[in-house]
Amino acid sequence: MSWRDTATPDAQADLDALAAAAPGFAAHQLGGVGQFFPYAAHLNVGGEIGLMAPDPELVGENPTSTVMIETLEDVLGVNNAQLRASAIVYDVNTVGGEAIAVNLEHREGIALRMVIPYVRTADGVQLQDPAGVEPIEAIVFR
């Protein structure tokens with residue numbers, strides 16, 4: 001059974017839009033500077049997509065990726081009344097190689113992780129088709 005079997009058409013459209021938009025900045029950073037730090041994308045109640053980086057005052061100097069992700073989760077969670085959906089984007093290593101992980105959540109209670117492998121090329125980074133989508137525990141919309 002797919003998450004789409006239980007999601008409303010509006011939730012599917014929201015998550016599809018966020019899943020399409022969220023990895024773009026990561027791909028841009030990987031192609032330019034070779035790395036990226038965890039960040040968030042969100043869809044507000046008005047339907048606008050925005051990006052958010054962890055506040056340096058909250059994460060301190062030289063934070064780990066885990067601290068950055070947890071800070072993003074906390075900030076999104078506190079502000080979830082103004083959001084329809086959220087995504088936290090971070091770099092992962094998989095058995096198949098490097099990938100971008102996107103933790104997607106919707107206010108309807110859907111929470112899933114999408115893993116997008118990528119290949120470094122002479123021209124930058126080429127994103128592959130998602131390697132999978134799996135359910136995860138909701139954190140932003142508990």
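Values in this document were obtained by computation on a predicted structure and should not be read as measured data.

Chemist: What should I look at first to understand the overall build of the chain in this one?
Modeler: Across its full length, the chain holds 4 helices and 7 strands. For the chain, the N- to C-terminal ordering of α and β elements is α-α-β-β-α-α-β-β-β-β-β. For the chain, whose C-alpha radius of gyration is 15 Å, the value lies close to the compact-globule estimate of 14 Å for 142 residues. With respect to the three principal axes, the spread of C-alpha positions in the chain is 40 × 40 × 25 Å.

Chemist: What should I look at first to understand the pattern of salt bridges in this one?
Modeler: Side-chain pairs of opposite charge can arise where the charged atoms are in close proximity. Taken as a whole and judged by the stated rule, the model has 4 salt bridges. Between Asp14 and Arg84 there is a salt bridge, and its shortest N-O distance comes to 2.8 Å. Remark: Arg84 occurs in strand β3 (residues 83-94) and Asp14 occurs in helix α1 (residues 9-21); sequence separation between them is 70 residues. Residues Arg120 and Glu98 are paired through a salt bridge, measuring 3.1 Å at the closest nitrogen-oxygen approach. Taken as a pair, Arg120 in strand β5 (residues 111-121) and Glu98 in strand β4 (residues 97-106) lie far apart in primary sequence, 22 residues in all.

Calculation notes
- What you see as residue numbers is a count from 1 along each chain, following the sequence as written.
- Only residues with pLDDT of at least 70 are given local features in this predicted model, and only at 80 or more are side-chain atom pairs given and counted; all residues enter the totals for whole chains, interfaces and linings.
- With hydrogens and water stripped out, all remaining heavy atoms of the structure feed into the side-chain values.
- Per the convention used, a helix needs a DSSP run of H or I reaching at least four residues, while a strand needs a run of E reaching at least two, with both numbered from the N terminus.
- Computation of the radius of gyration draws on C-alpha atoms, with the globule rule given as 2.2 Å multiplied by the number of residues to the power 0.38.
- Whenever a carboxyl oxygen of Asp or Glu lies within 4 Å of a side-chain nitrogen of Lys or Arg, that contact is scored as a salt bridge.

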